[in-house]
Every structure is written in C-alpha cells, then in structure tokens.
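Examination of the molecular architecture
What follows is each chain in one-letter form.
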Amino acid sequence: MSFADHLESLLQILSAGLLLGCLYGLMCAGLGLIFGIMRVINFAQGEFMMLAMYAGLNGVAFLAPGRAWAFPVAMAVALAVALLFYGIGAATHFLLVSRVSGSRVVGSEDGGHTGQLILTLGLSLVLQNGGLMLFGSSPTSIGNAAADNSWTVGPLWGEDVMIFVNQARAWSAILALVAVGLTILMMNRTGVGRRLRAVASNPVAAVYMGVDVERAFRTAFGIGLALTAIAGVCVATFYPFQPYTGFDFVIIMYAGVVLGGMGSVGGAFLGGLVIGLVQQLSTLVLAPQLQNTAVFVVFLAVLLVRPQGLFGRGVERA
Amino acid sequence: MIKTSRRSLLATALAAPAILSWPARAQARTIKIALLTPLSGPLARSGELERTGATLAVEDVNAAGGIKAMGGAKLELTVADAGASVEQVTAAAQRLVADQDLVAGMGAWASSFTLAATEVSERAKLPWVTLSWADSITNRGFRYLIATSPPSSQILLAALQPLLALAGKSAGRMPSTIAMINDDTAVNQSNMVPLRNGGLEKLNLKSVMDENFTPPLSDATPLIQRLRRAKPDLVLLGTTATSDSRLLLQTLTEFGMGQGKVPVLAPSANWGTPEILKNLGANNLEGVIGVAGNWGSKQQKPLIDNLCHRSGEPWLVQDTLSNYGHVLLIADALERAGSADRDKLMEALLATDTKEGPAKLFLGGHLSFEKNGRRANPVAGVFQWKNGVPQTVLPEADAFAELTWPRPA
C-alpha cells in the first residue's frame, strides 16, 4: 500500500470513529447519568433505546415527509421522542425502579443492587419480547437520503486521497454533542442540576437540605432515558434495527461508562467516544473480526492503570 | 315396556368400549413433524419465513386428504424456537427429540445452527431435512439427514462462471480482480473454501481483498475503505444478517461505488428479502446479484402466486419455498413408506427420485439424494434485483428475467 492509501485509510477511519463515538458517547451519557446519581445499574437501557428507535420510525412514518426530508424530520422527531422517554423514564422510576432503590433500600445489605439487577434484567426481557410481538422481527430503519449520501472532503493529497463523511452520521454526531453539552450545562448551571448533584453526592444530606430525593431520582432516570432515546433515533437513521438491537449496544454503553469513569456525564461521553475510536482505528492494524476484542483489551488495560476510569477523578461526579 | 335381560345388559356393557372408541378409530391419527428455526433474536425474520412455508404446506397436504397410505393421517406441525445461539439451538433440539411421537424434523436455517441441531437429531435417529448449505453438514457420515440445497462448495461457482462469461460479452472485458468480504459464519466461510483453494485461479480472478468480520457490524466504513483502495472489478459480499447486508451496500453507495458502479455478488438468500428493499430502496439494489440454494421458478408461477397471496409476502425467498418443499418431501416419503416408523421414513426419503410433487418446489425440478443425504445434482438459484424485485435469472429454464451485467445508474 502506498503512503496515500495509508493516509486516506487513517483519516477515513478516524472520521468514522469520531462520528460513531459521539453517538456511543450520548448513549453512555444517558446510562452514566442514571448510575452516577442513583447508583442503579439499568440493564434495560438498550431496550429503552430500541423502543425509542421504533418510536422515531413511527413518528417519521406518521409525518411521511418522503425520503429527501426524512432525515431533518427524524432529527425533530428525536427531540419529541426524548420528551416522551423522559416521561416514560419518570413513570418507570415511579412505578418500578423506586421500589428497589432510594429510600426503600437504605440500610439494606446490598444497597438494593440485587433487586435492581433482577428488575432491570426482567424489564429488558419483557421489552425485548414485547417488542418482538409488537413490531415483528424484520430489521428496519428510517429510510432517508442523508444515510446514502456523503460529503466528500478532498482531494487532500495528490488526486487520490478523499474522505467520505456520511451526512446522517455527521448530523447525528452534531446533535449528540449539542445534547451532551446542554446536559452538562444543565447539571452545572441550573437548580435542577444542583439538586441532582446534591443527591448524587449525599442523598441523606440532600434530604436535610430540603431536596426531594425521590423526585430528583425520577428526574435523573427520565433524563438518562431521554438522552439514550435521542441516540436511538439518530442510530435508526443509518442502522437497521429490530427488537434485539438494544443488546448489541448495551455492552458498549457499559464499557463506555466504566471506561470514562462511573458517575460522570462528561466522562461517560468521553468513554463512549474512546470506544468508537478504538473500535474503528483497531481495523487499521487488526482484522475487522477483532474490533470488539480490541475495545475490551483497551478497556481492561485502562482499568488496570486507572481503576476509577479515564476521567473518574478529572471530571466532577455528575 | 322393553324387557332388559341380565344377559343383554352384560353384552351391551362389554360392547360399549368398542362402540365408544369407534369414531376415534375411524378418525385418522396425526403425524407429528417439527420445524426448528430462529423465531427470536437477530435471525427471527428468516425463521418466520421458514415457518410460513412449512405451515402452508401442512395446510395443503391436510386439505388434500392427508397421508393416504396411512388412512388419511393428518400432518401436525410443531414449531420450536432455535433462538440466537448454538447453545439455544442445541437445547431446543433436545427438547424436541424428547417427543417420541415426532417422525421428522426440519431446520434450523443457519448452517451453524443446523450443525448443532443435527448432532442431537442424529443421536435420536430422527430424520431431519434442512436447506442449510455448508458442506460440513453432510460430510459427517450422518444417516438421518437430508439436505436439499447445493453445498457451499458448488454454490458460488454456479453463479460466478456464467456471470464472468456474461461480463466478457456485455462489458467488453473480463473482470480480473475480486474483493471478498464475508461474515465468519459457517456457511459463508464454507462458501469461500473452493474459491480460496484454487477456484479463483481457474476463473482467472485475482483476489485483491479477502476480509472476514464477526456479525453484527456496527459500521462498515473500515471494510469499504479497504475495498475502495483495492479497486476490484467485482465485489463478493457474504452476509447472514440483513442488517450487515444493508450497512455494507449503504456504505458502498456512500463511497461512490454503489448502484452498479462495482458489480456486487451476494451468496445469501437474505439479499433477496422484502426487508432489504424496504431498508435500501430499489435504486441501491438495482443490479445486485444474489445466489441461494433455491429461488422461485417461472415454471411454478401459479403455485408461487398462490403462496404469495396466502402468506402476504410480495415474493417468495428460499426459506419459504424450500420449507414448503420439505413438508411435501416428508409427506411423499410417508406415502411411500406407509408408516410413521423413523427408519422406514428415512429409507423412503433417501430413495426419493421424482420430478413431481415436492420436486416442483426446487430449482432443477428433480429430487433425488446421495447416500450422505445431499441432494443429487442440485441446482442453485441466481437472482438479480431488477426494478425492485429479486428476479430469478439462472438457471435459464426457471428464469423470470435475463442476467445482465450491472451498469452504473
């Protein structure tokens, strides 16, 4: 392979890794927020994302904008779906998750983790199989012109080196960055964020300070699901999905959250971004079959050196 | 007043069981057959298509009077979910074979699943019919196995030879380089064996890229980037999951190599499903050539139309067609065996030599089997996307349209 070949491959894969990493980062931010504030490991996060994908698909189909306009409409629908999933998240917390978390498990031996594990795993199975009954098993996606088209950058070196940037992925990555940026801003600059940080830091002290801890947990669960829902609708514009798709992503989400540093929204986002980059860049030197192996080798190597995750200390918790 | 003697009362009592059981005896018994196929997990859609074919065939056999040699016995289909992993398939197969009333089984779609399921069925001496292609399925010396598709070692060559000949005539020059991207499932790796072991040289093709990946793909960019730099004359995409097929073709289009600019050959039935059309659109698929172990024949158009109408599918893919055929094949063997004994049924299945009944559901129109259970002289189906429909183009006798060398849109 010539120098031009190597250069083009590096730039192309770097750009693909960044775009995919932003979406992984958004998914991880949603999960990281829930874990950081509530200390609840939500194994059903992938399935909620799958439901958001179907909600996005049906929303776009309902508005029937045609293939050319489907993508901008999908982006608008993603925001509406985020609102819907905020509500679903709050309701799920109120009806189910609150029974095995928060004040209900204060003083319990395992901090309620066993109940949380069983509840969220059970919920994940119910949602998967319910999705199969409701939507069928055919893989589907939001048909749109942006997913088939790319912006061509170059020629950059001689006449041959060009980078193709998929339009759907690029806009999705921008939306992911905006969503995470707004979440971090909300966490640091608003009253809601202050309350969430207070309950994350010390729920008992937060109660003494007059913070409604259960309500804060409900808000955190809702926001966590809303962020993952936005990621889901974005992914649905270029990735075929079916009721079992959530499982493919939930492992990435957990790896990203742990890699970035548990309990930090920014750290979780960066963890997801690193995973996207490693997954793609590994193909420059390894066979594509080893993509995920490379991710977990890096994951283990990081945990060996920094058990608290890459940004566990550098970034303030939640 | 009717007088009832003690003797007549006793006679009636003794005759009662025989009288009461009369309708049950007169009513033909049922013959249980099973279909093991993925109904959950990423391959569930393929399982659904298989179930549709088997269910329609059972309906038709029963509507035509059942198995006449067995007093009109009706077929009863048990459908079991093979799940999404080899472990799940094995567990499901073990549950199935525990049913001693089962006379035959079918499935389990993916070659790796079938390899696992037939390990169980063989031990239980249960005749098993499959459409899976991998050579290894019939290379294990199993006695209770029937495979109706051409083996992987033949399936790609069946498409490549005529395609290259056509390219010489149609494009003015023979393709000299090929890029091959395959998932690492048993069937796609098996497909590649003859090409990697001298097949390409015989076809005067040079491999400029030979990459494998583990499904599902999260992003096809690294693979298509390598393909772009390799600049092949022909691309071979071996995928099992529709999601991977879509990502690869979509990225190919995104990189300016789709829509016929680089001809695509895809040895898998999933490239001809209605879902891939819904996901990719007719433009992106136009000209893509697929190869499968079976496909619709124009000689059977009325039957195919009827099955399409009843199943609600716009066209039939191998999964539906072959499983319809498998049920007819088992029914035909039961007629000849005249018994639900598994050994007698297996003997009859292997002795099948017909151009009628089940044979009509398979390309080539003739069904007979070798000692190892593989179909003798099997014929692969080559289809090509034309105007949003994957039309059979080879063999010519069964073709709905002519094979054309893909050209840029």
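Residues numbered from 1 in each chain as written. Chains lettered and ligands numbered in written order. Predicted model: local features only at pLDDT ≥ 70, side-chain atom pairs only at ≥ 80, totals over all residues.

1. Structural notes on the environment of Val285 of chain A
Checked against the element boundaries, Val285 of chain A lands in the loop between α10 (265-281) and α11 (291-305). A sequence separation of 150 residues divides Val285 of chain A from Phe135 of chain A, and the C-alpha atoms of the two residues are 39 Å apart. (Helix = DSSP H or I, 4+ residues; strand = E, 2+ residues; numbered from the N terminus.)

2. Describing the interface of chain A and chain B
Contact with chain A, which involves 31 residues of that partner, is made by 31 residues of chain B. Those elements that place two or more of their residues in the side of chain A that touches chain B are α1 (3-38), β2 (163-166) and α10 of chain A. (Contact = placed C-beta atoms within 7 Å.)

3. Notes on the sheet that holds strand β2 (residues 74-81) of chain B
Residue and element names in this part refer to chain B. Across the sheet, which stays open at both edges, the five strands sit in the order β2-β1-β3-β4-β5 with parallel pairing between neighbours. Since the sheet does not close on itself, it has two edges, and those belong to β2 and β5 (145-147), each with one partner. Pairs of neighbouring strands in the sheet enclose a mean axial angle of 20°, with direction left out of account. The pairing of strand β4 (residues 128-130) with β5 spans three bridges and is classified as parallel. (Pairing = 2+ DSSP bridges. Axes fitted to C-alpha atoms, helices over the stretch in contact; angles between N-to-C directions.)

4. Describing the pairing of strand β6 (residues 177-183) of chain B
All names here are of chain B. Summarising burial for β6: six of the seven residues are buried, a large majority. The pairing of β6 with strand β7 (residues 206-213) spans seven bridges and is parallel. Bridge assignment links Thr177 to a residue of β7, and that residue is Lys206. Pairing geometry for β6 and strand β8 (residues 234-238), over five bridges, is parallel. If you follow Met180 over to β8, its bridge partner there is Leu236. (Buried ≥ 20, exposed ≤ 12 C-beta atoms within 10 Å, placed from the backbone.)

5. Here's the deal with the sheet that holds strand β9 (residues 264-266) of chain B
Residue and element names in this part refer to chain B. Spatially, β7-β6-β8-β9-β10-β13-β14 is the arrangement adopted by the seven strands of the open sheet, whose pairing is mixed. Of all strands in the sheet, those bounded by a partner on one side alone are β7 and β14 (389-394). Strand-to-strand twist across the sheet, computed as the mean angle between neighbouring axes with direction ignored, equals 25°. Judged from the two bridges that link them, β8 and β9 form a sheet pairing that is parallel.

6. A look at the pairing of β8 of chain B
The buried count for β8 of chain B comes to five of five residues, which makes it a mostly enclosed element. Between the parallel elements β8 of chain B and β9 of chain B, the chain passes through helix α8 (residues 242-254) of chain B in a crossover that is right-handed. (Right-handed = clockwise from strand over helix to strand, strands pointing away.)

7. Digging into the environment of Leu177 of chain A
Along the chain, Leu177 of chain A falls in helix α5 (residues 167-189). Leu177 of chain A sits 92 residues away from Phe269 of chain A along the chain, and the two C-alpha atoms are 9.2 Å apart.

8. Digging into unusual backbone geometry
Residue and element names in this part refer to chain B. Here Pro215 and Pro216 are connected by a cis peptide whose omega angle stands at 0°. Within the secondary structure layout, Pro216 lies in the loop between β7 and α7 (221-230). The residue after Leu394, namely Pro395, is reached through a cis peptide bond having omega 0°. Looking at the secondary structure, you find Pro395 in the segment after β14. Even without glycine at this site, Lys125 takes up a positive phi of about 55°. Tracing the chain through its elements places Lys125 in the loop between α4 (111-123) and β4. Its identity is not glycine, yet Asn387 carries a phi of approximately 50°, on the positive side. Note on placement: Asn387 falls in the loop between β13 (381-386) and β14. Given 9 C-beta atoms within a 10 Å radius, Asn387 is considered exposed.

9. Observations regarding helix α2 (residues 44-63) of chain B
Residue and element names in this part refer to chain B. Helix length check: α2 (20 residues) gives 28 Å between terminal C-alpha atoms against 28 Å at 1.5 Å per residue, within 8%. Of the positions making up α2, those classed as buried are Ala44, Arg45, Ser46, Gly47, Leu49, Glu50, Thr52, Gly53, Ala54, Ala57, Val58 and Val61. Within two residues after α2, Gly65 carries a phi angle of roughly 105°, on the positive side. (Expected span 1.5 Å × (residues − 1).)

10. A short note on the nonpolar core
Ranked by internal contacts, the top residues of the largest apolar core, which has 123 residues, are Leu36, Ala159, Val327, Ile330, Leu345 and Val382 of chain B. Looking at which element gives the most residues to this core, the answer is helix α12 (residues 318-337) of chain B, with 10 residues. What Val382 of chain B contacts, discounting residues up to four positions off in sequence, is Ala159, Ile289, Val291, Val393, Leu394 and Leu403 of chain B. Ranked by size, the runner-up nonpolar core spans 99 residues in total, among them Leu31, Ile230, Ala236 and Leu270 of chain A. (Core = buried A, V, L, I, M, F, W, Y, C linked by C-beta atoms within 7 Å.)

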